[in-house]
Amino acid sequence: MTLQLYNSYSRQIEAFQPLDEGKVRMYHCGPTVYKRPHIGNYRSFLFADLLRRLFDSMGYDVVQVMNITDVGHLVDDADDGEDKMLKQARQEKLTPWQIVDKVCAEFFADLHALAVRPAHHYPRATDHIPEMVKMVQKLIASKHAYRVGDNVYFDVHSFPKYGQLSGNRIDELDAGARLEVNEEKKHPADFALWKSDPSHLMKWETVFGEHGFPGWHIECSAMSMKYLGQSFDIHTGGEDNVFPHHECEIAQSEGATGKRFVKHWLHTKFLQVDGGKMSKSLGNVWSLDDLEERGFSPLDYRFLIMRGHYRTQLNFTWDALRGAAEARKNLLDWRGRLQAAARTSDSACRADAAPDVVEAKQKFAPAITEAVEKFDAAIADDLNTSEAVAAVFGLRNAFMQDAFVGANAQNALDFLDRVDDLFALFPTNGDDAEGLSDADVEALLAERVNAREQKDWPRADEIRDQLQIAGIVIEDKSGSVHWHRS
Ligand code: AMP
Ligand code: ZN
C-alpha cells in the first residue's frame, strides 16, 4: 500500500516517494527550551514519533532530527520583542544557560515517559553558530541578504516564491506590516538573519560584529541541512510554524543552495484546551506532570493524541483524557485475555461458551484479516489514526462479545503488536528494545569523556541527551561521572 501524505506546500495529498530509495530523512521543529513543553507541544512531537515509527516499520533507513531552540526565538515569533530565553531567565533569576539545562532535562524525561523513540540527533542552536554564520554569508554573497550595520536581513523580494507555503503575498505582507516597522529594512516583510545586541546575554563575536545572535529561522535551515543534506524528505511542525518560520526557512535554504529544500511539509493542527488556546491567564497550560498528578499515565495522553487525526482539531478536556485512559485500559485488558488464551494454545479459553475450535477459527480469522487491512489502509491514508484505532476496537468488540480460541488469540496478539509498534500504548511492550544495557551506558559515557577532551561539545551534548531520553541520570561529581536509572 502506498503511503499518502498531505503536503502543506502543494495543499494536496501526495504519494510518499523518498528522495533516495530506501531512506527517509526528516526534521522536526523542536521545543524552545525556555519552559517545560506543554501538552500542546507534545501533540506535535508525538506526531513526529508516529512518522518515525511508521517509517521504521516500513523498513526504511531513517534519519530523524529534532532541534532544540535555545536562542533567538523572540516573544512575537518575528523580529521584535525579547528573546524568550532571556525573558524567562530574568523572571527566574537564573542564567539562560541554566534554564536550557533545566528545561532540556525535563523535555527528555517527558519524551521517555511518552515512549518516544529517540531521534538520531537533537542539535542545539547554540552549538551551530558557525554553520549559521556561513549560511548567512552565502546569502549575502548571492544577494538574497543585506547588511545594515551589524544586522543582516533577508530580502524577500529576491525570492519570488516567498509566500508559496503560507499563501501570503509579498505585497500584502509589505503593506500589512506594522507602523513601527524597522527602518533598516529595505522592505517591511524582510526578516532578520542575524541581529546585533550588546545587551543580549547569549551573543557571539562573528564577521558581522562583536555582539550578535542568530534569527530563529536560520537556525532550523542550518541545522537541518547539516544533518540531512541540502534537500530532504520531510519537515514537520505545528500549524503556527507555517508562517513565518517555515516560509522563511524555505526562502533562506533555497536561496542559499538553489535546490528544493523539503519535499513534504507536514503540519499538526494545534491542540486546544477547553475549546480555546491554552493560556497562562486561564491557568490551563498543562504539563505531563499535571496529568500525572491527577492520576493519568503519559501513555493515556499519548492515546488521546493517537485517537485524533493530526490534521483535525483536537480539544483537550479532562473528560476526554479520562475517556482515552479508559479505552486504553480496555485494550490492555483485552490484550491480557488474549495472552492468557494464547497460553492455552488451541483449547477453548472461555469455558462457559466453549465453541468448537474449528468453527471459532473460521469465525475470527476473517475478522482479524479485515481489522489488519482496515488498520493499514487507514494509516496509509495520511495517517488516519482515528480510523486505525476504530479498526482495533472493532475487532476487540467482536472478540469480547463472543467466545474465542487460542489460535485466534495469537493472531490477534500479532495484530496488537503491530498496533503497539506504531502507537506505543502498552507500557512493557516493544520499548524495552530502546533501553540501554549497562554496557551501552558505560560505552556512551566513555565516548562522552572523549568528545569533551576533543572539545567536540555537540557530540558530548548529544550523548548526554541520548542517555537522558533512555532514562539515565548522569551526575558529574568532582571529576568523576556517576549514573543511575531514573
Ligand atoms: P515552541 O516551543 O513554541 O518552539 O514549539 C515547539 C513545537 O510545538 C512547534 O512545532 C509548535 O508549532 C508546536 N506547538 C506549540 N503549541 C502547540 C499546540 N497547542 N498544539 C500542537 N503543537 C503545538
Ligand atoms: Zn524550526
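These numbers come from a predicted model, not from an experiment.

**Overview of the coordination of the zinc ion (ligand 2)**
In this structure, Cys-29 (SG), Cys-220 (SG) and His-245 (NE2) serve as the protein donors to the zinc ion (ligand 2), at separations of 2.1 to 2.2 Å. Counting the intervening residues between successive donors of the zinc ion (ligand 2) yields the motif C-x190-C-x24-H. Here Cys-29 is found in the loop between strand 3 (23-28) and helix 1 (39-57), whereas its partner His-245 is found in helix 7 (residues 242-257), with 216 residues between them in sequence. Grouping residues by exposure puts Cys-29 and His-245 together as buried.

**Overview of the site of ligand 1**
Inspection of the region around ligand 1 gives 18 residues, with Thr-32, Ser-44, Asp-240, Asn-241 and Leu-271 positioned closest. Side-chain polar atom of Asp-240 to an oxygen atom of ligand 1: 2.4 Å apart, as the coordinates give it. The separation between a nitrogen atom of ligand 1 and a polar main-chain atom of Leu-271 is 2.8 Å. Here ligand 1 has 500 Å² of accessible area as a free molecule, and 92% of this is covered by the chains. Elements that contribute at least two residues to the shell around ligand 1 include exactly helix 1 and strand 10 (232-238). Counting residues per element, the shell around ligand 1 draws most heavily on helix 1, at 4 residues. A per-class count over the shell around ligand 1 returns 6 nonpolar, 10 polar and 2 charged.

**Side note on the domain arrangement of the protein**
With domains assigned, the protein is organised as domain 1 (4-142 + 216-268), domain 2 (333-426) and domain 3 (438-485). A straight line from the C-alpha centre of domain 1 to that of domain 3 covers 24 Å. Contacts between domain 1 and domain 3 engage 14 residues on the former and 9 residues on the latter. Of the roughly 970 Å² buried between domain 1 and domain 3 on both sides combined, carbon and sulfur atoms contribute 53%. Its largest share of buried area at the contact with domain 3, domain 1 owes to Phe-108, His-112 and Asp-127, together 45% of the area lost on that side. In this assembly, domain 1 and domain 3 are joined by 0 salt bridges.

**Some details on the sheet that holds strand 6 (residues 151-154)**
Within a sheet, each strand pairs with its neighbour through backbone hydrogen bonds, oriented either parallel or antiparallel. The strand order across the open sheet formed by 5 strands is 5-6-7-9-8, and the pairing between neighbours is antiparallel. Single-partner strands in this sheet number two, and they are strand 5 (145-148) and strand 8 (204-206). With strand direction ignored, the average angle separating the axes of adjacent strands in the sheet is 35 degrees. Note that strand 7 (residues 191-196) and strand 9 (residues 209-214) share 3 bridges and pair antiparallel. Residue pairing in the sheet places Ser-196 in a bridge with Gly-212 of strand 9.

**Side note on the sheet that holds strand 10**
What the 4 strands build is an open sheet, ordered 4-3-10-11; its pairing is parallel. In this open sheet, the two strands that pair with only one neighbour each are strand 4 (61-66) and strand 11 (262-268). On average, each strand axis in the sheet is tilted by 20 degrees relative to the strand beside it, whichever way the strands run. Taken together, the 3 bridges between strand 3 and strand 10 define a ladder with parallel strand orientation. Residue pairing in the sheet places His-28 in a bridge with Thr-236 of strand 10.

**Overview of the environment of Asp-174**
Mapped onto the elements, Asp-174 comes out in helix 5 (residues 170-176). With relative accessibility at 16%, the residue Asp-174 sits in the buried group. Placed 15 residues apart in sequence, Asp-174 and Ala-189 show a C-alpha to C-alpha distance of 5.1 Å. Ignoring anything within four residues of it in the chain, the contact list for Asp-174 reads His-157, His-187, Pro-188 and Ala-189. At a separation of 2.8 Å, a polar atom in the side chain of Asp-174 contacts the side chain of His-157.

**Some details on the nonpolar core**
Ranked by size, the top nonpolar core spans 130 residues in total, and within it Leu-291, Tyr-301, Phe-316, Phe-375 and Phe-423 carry the most contacts. Of the residues forming this core, the biggest block, 10 residues, is contributed by helix 1. Each of domain 1 (4-142 + 216-268) and domain 2 (333-426) gives at least three residues to this core. Once you skip the residues sitting within four places of it in the chain, Phe-316 turns out to touch Ile-39, Leu-271, Gln-272, Val-273, Asp-274, Trp-286, Leu-291, Tyr-301, Leu-304 and Leu-321. In terms of nonpolar packing, the next biggest core, distinct from the first, is built from 9 residues, Val-441, Leu-467, Ala-470 and Ile-472 among them.

**Points about the pairing of strand 3**
Of all 6 residues in strand 3, 5 are buried; the element is thus mostly enclosed. Pairing of strand 3 with strand 4, which is carried by 6 bridges, proceeds in the parallel orientation. Across the sheet, the residue bridging to Met-26 is Gln-64, located in strand 4. Following the chain from strand 3 across helix 1 to the adjacent parallel strand 4, one finds a crossover that is right-handed.

**As for the side chain of Ser-287**
Its location among the elements puts Ser-287 in the loop between strand 12 (271-273) and helix 8 (288-293). Leave out the neighbours within four places in its chain, and Ser-287 touches Arg-36, Pro-37 and Ile-39.

**Re the pattern of salt bridges**
Applying the stated criterion across every chain yields a total of 24 salt bridges. Across the pair Arg-117 and Asp-56 runs a salt bridge, and its minimum N-O distance is 2.9 Å. Placement of Arg-117 in the loop between helix 3 (96-113) and helix 4 (129-141) and of Asp-56 in helix 1 is noted, with a sequence separation of 61 residues between them. Owing to a relative accessible area of 11%, Arg-117 belongs among the buried residues under this scheme.

Cut-offs applied
- Residues numbered from 1 in each chain as written.
- Chains lettered and ligands numbered in written order.
- Predicted model: local features only at pLDDT ≥ 70, side-chain atom pairs only at ≥ 80, totals over all residues.
- Heavy atoms only, no water.
- Donors = N, O, S within 2.8 Å, 3.2 Å for Na, K, Ca; no water.
- Helix = DSSP H or I, 4+ residues; strand = E, 2+ residues; numbered from the N terminus.
- Buried < 20%, exposed > 50% of the residue type's maximum accessible area, 1.4 Å probe, protein only.
- Near = heavy atom within 4 Å.
- Polar contact = N/O pair within 3.5 Å; in protein donor to acceptor, adjacent residues only side chain to side chain.
- Areas by Shrake-Rupley, 256 points an atom, 1.4 Å probe, with all protein chains shown as cover.
- Nonpolar A, V, L, I, M, F, W, Y, C, P; charged D, E, K, R; others polar.
- Domains from an automatic or database assignment.
- Contact = heavy atoms within 4.5 Å.
- Buried area = accessible area lost by both parts, 1.4 Å probe.
- Salt bridge = Lys/Arg side-chain N within 4 Å of Asp/Glu carboxyl O.
- Pairing = 2+ DSSP bridges.
- Axes fitted to C-alpha atoms, helices over the stretch in contact; angles between N-to-C directions.
- Core = buried A, V, L, I, M, F, W, Y, C linked by side-chain atoms within 4.5 Å.
- Right-handed = clockwise from strand over helix to strand, strands pointing away.

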